[in-house]
Amino acid sequence: MLEKLQPNEIVDSIYQINLSHLKEKGIKAVIADLDNTLVPWRSTEIKDTLTAWVKDVKDAGLNLAIVSNNTSSRVHTLSEQLGVIAVSKAVKPRRRAFRNIASQFSLIPSEIAVVGDQLLTDVLGGNRTGMYTILVTPMSNHEFIGTKLIRQIERFFLKRIKNKST
Ligand SMILES: [Mg+2]
């Protein structure tokens, strides 16, 4: 269980991800979570820094997709504005949405990096699918009440994961 929760990298934000390092590892696409990874929870505003990051990812020759558990049409509104494909209601950590994106890009799982702020959805789902996983610090403390409870469980695991590498 703990092994499946271990991200390959832990960084503060998407802006700390070393894209050329990912390329060297043979990564060809990035699947990003939406809420608290790309934008604060419930936000519909796309900051210039995010637009620039999306451009950096594409300029690096990487494909980009959004996979979100959120049900709202907001996922698709934002992804369209960013010019990337998206899957909503993804039911992460289930593998289906990740596999769906892999087949849309005609890539195998090991060629894809999953970026997200939650161990039990993003990292667990990515690891289960055989993808490279990157955990980011959540952008804001405001989130779905259910997520707040999950956070407590995640903190328990995160402590152990961080201890493991020291
Ligand atoms: Mg999230």
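Residues numbered from 1 in each chain as written. Predicted model: local features only at pLDDT ≥ 70, side-chain atom pairs only at ≥ 80, totals over all residues. Heavy atoms only, no water.

Mapped onto the elements, Arg-99 comes out in helix H4 (residues 96-104). Using a relative accessible area of 48% as the deciding quantity, one classes Arg-99 as partly exposed. Taking C-alpha positions, Arg-99 is 7.5 Å from Pro-109, a pair spaced ten residues apart along the chain. (Helix = DSSP H or I, 4+ residues; strand = E, 2+ residues; numbered from the N terminus. Buried < 20%, exposed > 50% of the residue type's maximum accessible area, 1.4 Å probe, protein only.)

Our focus in this paragraph is a positive patch on the surface. Among the surface-exposed residues, Lys-4, Arg-94, Arg-95, Arg-96, Arg-99 and Arg-128 lie close enough to one another that they form a single positively charged patch. Taking relative accessible area as the criterion, Lys-4 reaches 38% and is therefore assigned partly exposed. (Patch = residues over 30% accessible without salt bridge, like charges linked within 9 Å, V, L, I, M, F, W, Y side chains within 5 Å. Areas by Shrake-Rupley, 256 points an atom, 1.4 Å probe, with all protein chains shown as cover. Salt bridge = Lys/Arg side-chain N within 4 Å of Asp/Glu carboxyl O. Lys, Arg positive; Asp, Glu negative; His and termini not counted. Charge placed at Lys NZ, Arg CZ, Asp CG, Glu CD.)

So, about the nonpolar core. Grouped together as the largest cluster of nonpolar side chains are 29 residues, with contacts concentrated most on Ile-17, Leu-22, Leu-38, Leu-50 and Trp-53. Listing elements by their share of this core, those giving two or more residues are helix H1 (19-24), strand S2 (29-32), helix H2 (48-59), strand S3 (63-67), helix H3 (74-82), strand S5 (112-116) and strand S6 (132-136). Here this core gets four residues from one element, more than from any other, and that element is H2. Discounting residues that sit within four places of it in the chain, Trp-53 has contacts with Ile-14, Tyr-15, Ile-17, Leu-38 and Leu-64. Core analysis: the second largest hydrophobic core is formed by 15 residues, Ala-90, Ala-97, Leu-107 and Val-114 among them. (Core = buried A, V, L, I, M, F, W, Y, C linked by side-chain atoms within 4.5 Å. Contact = heavy atoms within 4.5 Å.)

Where burial is concerned, most of helix H5 (residues 119-129) is hidden: ten out of the eleven residues are buried. Along H5, the residues classified as buried are Leu-119, Leu-120, Thr-121, Asp-122, Val-123, Leu-124, Gly-125, Gly-126, Asn-127 and Thr-129. With its phi angle positive at about 90°, Gly-130 sits one or two positions after the end of H5.

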